[in-house]
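Listed here are the chains, written in short residue letters.
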Amino acid sequence: MVEDGAGRTPEGTTDDGNPTARPGPAMTVTAGTAGALGTAGTDRAAGALGTAETAGTVAPQAGTGTRQAWAGLPWLVRSAVLWSACLVVVVAGLYLVGKVAVLLAPLAIALAVTFFLTALLDPVLLLLRRLRLPAALAALLTVLLLLGVLGGVGVLVWNLTASQFGELSQELDQGLQRSRDFVTSTLPVTDSQLDKLIQQARDGLGGSAPDPVGGARTVTEILGSVLLSLVLLFFLLKDGRSMWHWVLRRMTGPNRDVTAEAGRVGWRTLGAYSRGTMLIAAIDAIGIGLALVLLRVPLALPLALITFLGGFVPIIGATVAGAVAVLVALAAKGPAVALLALAAVITVQQVEGNLLEPLVMKRQVRLHPVVILVAVTAGTLIAGVAGAFVSVPITAVTYRVIDTVQRHRQDAAGRPPTTG
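Parameters and conventions
Residues numbered from 1 in each chain as written. Predicted model: local features only at pLDDT ≥ 70, side-chain atom pairs only at ≥ 80, totals over all residues. Heavy atoms only, no water. Helix = DSSP H or I, 4+ residues; strand = E, 2+ residues; numbered from the N terminus. Buried < 20%, exposed > 50% of the residue type's maximum accessible area, 1.4 Å probe, protein only. Areas by Shrake-Rupley, 256 points an atom, 1.4 Å probe, with all protein chains shown as cover. Axes fitted to C-alpha atoms, helices over the stretch in contact; angles between N-to-C directions. Parallel < 35°, antiparallel > 145°, perpendicular 65-115°, else oblique. Contact = heavy atoms within 4.5 Å. Nonpolar A, V, L, I, M, F, W, Y, C, P; charged D, E, K, R; others polar. Polar contact = N/O pair within 3.5 Å; in protein donor to acceptor, adjacent residues only side chain to side chain. Salt bridge = Lys/Arg side-chain N within 4 Å of Asp/Glu carboxyl O. pLDDT = per-residue confidence, 0-100.

Turning our attention to the overall build of the protein chain. Across its full length, the protein chain holds 11 helices and 0 strands. Along the chain direction, N to C, the helices and strands of the protein chain fall in the order α-α-α-α-α-α-α-α-α-α-α. Every one of the 420 residues in the protein chain was classed for burial, and the buried ones make up 24%. In the form shown here, the protein chain has an accessible surface area of approximately 27,200 Å², with 70% of it arising from carbon and sulfur atoms.

Once that is clear, we can look at the packing of helix 3 (residues 105–130) against helix 7 (residues 254–294). In the contact formed by helix 3 and helix 7, the axes pass within 8 Å of each other and the chain directions differ by 80°. Relative to helix 7, helix 3 is oriented roughly perpendicular. Along the contact surface, helix 3 presents Phe 115, Phe 116, Thr 118, Ala 119, Leu 120, Asp 122 and Pro 123, while helix 7 presents Trp 267, Leu 270, Gly 271, Tyr 273, Ser 274, Arg 275 and Met 278. By residue class, the composition of the contact of helix 3 with helix 7 is 9 nonpolar, 3 polar and 2 charged.

The subject of this paragraph is the side chain of Ser 229. The residue Ser 229 is located in helix 6 (residues 212–249) in this model. When its relative accessible area of 10% is taken as the criterion, Ser 229 is described as buried. Within the local environment of Ser 229, its side chain forms a polar contact with the backbone oxygen of Ala 110, the two atoms lying 3.4 Å apart.

Let's shift gears to the pattern of salt bridges. In this structure the tally under the stated criterion is 5 salt bridges. Across the pair Arg 400 and Asp 403 runs a salt bridge, and its minimum N-O distance is 4.0 Å. On the criterion of helical spacing, the pair formed by Arg 400 and Asp 403 is a turn pair, its members being 3 residues apart in helix 11 (residues 369–413). Taken together, the shared-partner salt bridges connect Arg 400, Asp 403 and Arg 407 into one network.

The next point concerns the confidence of the model for the protein chain. In the predicted model, the protein chain carries a mean pLDDT of 76, and 75% of its residues have values of at least 70. When the criterion is pLDDT under 50, residues 1–59 qualifies, and its contacts beyond four places in sequence or with other chains add up to 20 contacts.

Here it is in structure tokens:
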């Protein structure tokens, strides 16, 4: 090997004298760049680690600070915030349900009436099925029986009181006039002030002039709802149980047992309510109608029919029907007979509310009067008279279903169920 004076091997040769490749400047630059990159990568990794450590230190402090701030609030403020949030969610849900119910009011009313009639007529269907009639024939006979009863009652009432219906408006006008005279003679109200109040009430109730197109559309909707209810009634009587079993077969686990029990309780509640309400309404109509006949008040049969229909709207319906009967008695027979009619109406309603309703309705379908009033008012605002009729049974069934689901959850959690 040839060395220069400094003891270094000349470039281009190896130890044995063979030529070799001269190291280029690229290799020198690459080594320097690698060092620089290594240093920069180390700095970046250290910076990233420092950032991660800083973030990991700050985040728990922020979360802890929020929790400490929430825990530092008085318990009354925290309860108010939580209850306000829950109230907002509940009100928003009820608003959406109400909007959907208003948009689909004819369909919703038809379905509610159909379920009500199905629960009412279910014992008749079961009786026909025990006679080994086919399901379709038994359902058809049940629907025809309903139509026959309604048609027969309507024809009977019309034949007995057709001549008196024309006098009903006159009797009511006379009753209003006597009531007006009583008010102006006993209270510090003049005739002009009373006329002004009556005109304001008429303007508020009447609104605009009657719309023929709107009236025709309303009649069409009512007829369509009636036909739809009859068709749905036939199919529910014929295939209702098989439909329910089909729904249960699609469920598995504990949800199936809860759904089956809730369905049985809801259907039993609806049936008891429908049959009990019809029985109580019939007793009210017979009692008040008999009192009006004994007092020789005209239009006793139509007033009894109004009382029967009003019995399907708890509290409000009976009150309105009794007020109409007393007003007609006042117009036809004077204040003495009107007071006797009022006493008869109050007596019948007290016997019904305190004795018959607890016996007929039983505990499982009874609701608090406040709940009934709210349900009837909401049903009236949503769908008018039809909504008032169906609001209470819907509320009763919903309450019993929710109560049944809650009891199942408490049993599953091992807690003793609350008595409701």
